[in-house]
Amino acid sequence: DGGITQSPKYLFRKEGQNVTLSCEQNLNHDAMYWYRQDPGQGLRLIYYSQIVNDFQKGDIAEGYSVSREKKESFPLTVTSAQKNPTAFYLCASRVDRGAAFFGQGTRLTVV
Amino acid sequence: QKEVEQDPGPLSVPEGAIVSLNCTYSNSAFQYFMWYRQYSRKGPELLMYTYSSGNKEDGRFTAQVDKSSKYISLFIRDSQPSDSATYLCAMSARNTGTASKLTFGTGTRLQVTL
């Protein structure tokens, strides 16, 4: 089945720790995106990428980093510099001029 | 001012009603328009995708785009309790060499009551 897989579903981070969220797609889409969603709020763009080894900052990139070493994979690292990381993180992919498709999300909680 | 404005609701309707959800936008470069349904603690699910102005129908769902007014709508006919969710609009401009940003509305929470 084609789709986008995010893992883990739930993630707990200690203060000062870096954590990495996984996003894999087998849709052969070029573009991939990371969004953050807070309760009662819309989706805010963190990073996006059109091709391997290239990515752009979104509206709230501070405290986050990404890599795009393979077309299928776009992992997001939440660094210790992100002071308020508790949120629902969503990964999406999209073919040029097409609709975006989302994974099921990772819920990150600081403990 | 946000690029995309969407009434957050909540919107409560009885089962069987016609629901109208709307977004307005300010960026005239937007050409691709999407509607998503999101259940609590789940990823958004694509409902409708339209390009430029016009109407598109799929089952109980109809999407309308009016680029001259910078206004898009999603209509749900014969609404069901299972339609209770948050509805997000999204839009983007043409890809100009780098990936086009998708800009989302804040979402409208819909409750369909028995």
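Please refer to the structure higher up on the page.
Quick caveat: nothing in here was measured; it's all calculated off a predicted structure.

> Tell me about unusual backbone geometry, and please be specific about residues and values.
In the segment running from serine 7 of chain A into proline 8 of chain A, the intervening peptide bond is cis, with an omega of -5°. Looking at the element boundaries, proline 8 of chain A is found in the loop between strand E1 (4–7) and strand E2 (10–13). In the segment running from glycine 9 of chain B into proline 10 of chain B, the intervening peptide bond is cis, with an omega of 10°. Of note, proline 10 of chain B is situated in the loop between strand E1 (4–6) and strand E2 (11–14). Phi is positive for lysine 70 of chain B, which is not a glycine, with a value near 55°. Within the secondary structure layout, lysine 70 of chain B lies in the loop between strand E7 (61–66) and strand E8 (71–76).

> Go over the packing of aromatic side chains with me, naming the residues and quoting the values.
Under the counting rule described, the total for this entry stands at 12 aromatic pairs over all chains. Taken together, a centroid distance of 5.4 Å and an interplanar angle of 90° make the contact between phenylalanine 102 of chain A and tyrosine 36 of chain B edge-to-face. One end of the pair, phenylalanine 102 of chain A, is in strand E10 (residues 100–102); the other, tyrosine 36 of chain B, is in strand E4 (residues 30–38), on a second chain. Side by side, phenylalanine 102 of chain A and tyrosine 36 of chain B carry an identical accessibility label, which is buried. Taking 5.9 Å as the distance between ring centres and 70° as the angle between the ring planes, the aromatic pair formed by phenylalanine 102 of chain A and phenylalanine 104 of chain B counts as edge-to-face. Note that phenylalanine 102 of chain A is positioned in strand E10 and phenylalanine 104 of chain B in strand E10 (residues 103–104), a pairing that runs across two chains. Of the residues examined, phenylalanine 102 of chain A reaches a relative accessible area of 10% and is grouped as buried. Under the relative-accessibility criterion, phenylalanine 104 of chain B is labelled buried at 8%. Sitting above the plane of the phenylalanine 88 of chain A ring, arginine 107 of chain A keeps its charged end 4.6 Å from the centroid.

> Tell me what's going on with the sheet that holds E7 of chain B, and back it up with residues and numbers.
Residue and element names in this part refer to chain B. Strands sit in the order E1-E3-E8-E7-E6 across an open sheet of five strands; the sheet is antiparallel. Looking along the sheet, the strands with just one partner apiece sit at the ends: E1 and strand E6 (54–58). With strand direction ignored, the average angle separating the axes of adjacent strands in the sheet is 15°. The sheet contact formed by E7 and E8 spans six bridges and is antiparallel. Each bridged residue has a counterpart across the sheet, and for threonine 62 the counterpart in E8 is phenylalanine 75.

> Requested: an account of the side chain of serine 73 of chain B, with residues and values cited.
Residues and elements named next belong to chain B. Counting through the fold element by element, serine 73 comes out in strand E8. Judged by relative accessible area, which is 4%, serine 73 ranks as buried. In this structure the side chain of serine 73 is engaged in a polar contact, spanning 3.0 Å, whose partner is the side chain of asparagine 22.

> Give me the lowdown on the interface of chain B and chain A, citing residues and values where you can.
Each partner contributes residues to the interface: chain B has 23 residues there, and chain A has 27 residues. There are one salt bridge connecting chain B and chain A. In this structure, lysine 101 of chain B engages aspartate 59 of chain A in a salt bridge whose closest nitrogen and oxygen atoms are separated by 3.3 Å. Seen at the junction of chain B and chain A, the total is seven residue pairs in polar contact (both at pLDDT 80 or more). Residue assignment for the side of chain B that touches chain A shows that the elements contributing at least two residues are E4, strand E5 (45–51) and strand E9 (85–93) of chain B. Broken down by element, the side of chain B that touches chain A gets its largest block of residues, four residues, from E4 of chain B. Residues of the side of chain B that touches chain A, tallied by class, amount to 10 nonpolar, nine polar and four charged.

The rules we used
- Residues numbered from 1 in each chain as written.
- Chains lettered and ligands numbered in written order.
- Predicted model: local features only at pLDDT ≥ 70, side-chain atom pairs only at ≥ 80, totals over all residues.
- Heavy atoms only, no water.
- Helix = DSSP H or I, 4+ residues; strand = E, 2+ residues; numbered from the N terminus.
- Phe/Tyr/Trp six-rings, centres within 6.5 Å; stacked < 30°, edge-to-face > 60°.
- Buried < 20%, exposed > 50% of the residue type's maximum accessible area, 1.4 Å probe, protein only.
- Lys NZ or Arg CZ within 6 Å of the ring centre and 35° of its normal.
- Pairing = 2+ DSSP bridges.
- Axes fitted to C-alpha atoms, helices over the stretch in contact; angles between N-to-C directions.
- Polar contact = N/O pair within 3.5 Å; in protein donor to acceptor, adjacent residues only side chain to side chain.
- Contact = heavy atoms within 4.5 Å.
- Salt bridge = Lys/Arg side-chain N within 4 Å of Asp/Glu carboxyl O.
- Nonpolar A, V, L, I, M, F, W, Y, C, P; charged D, E, K, R; others polar.

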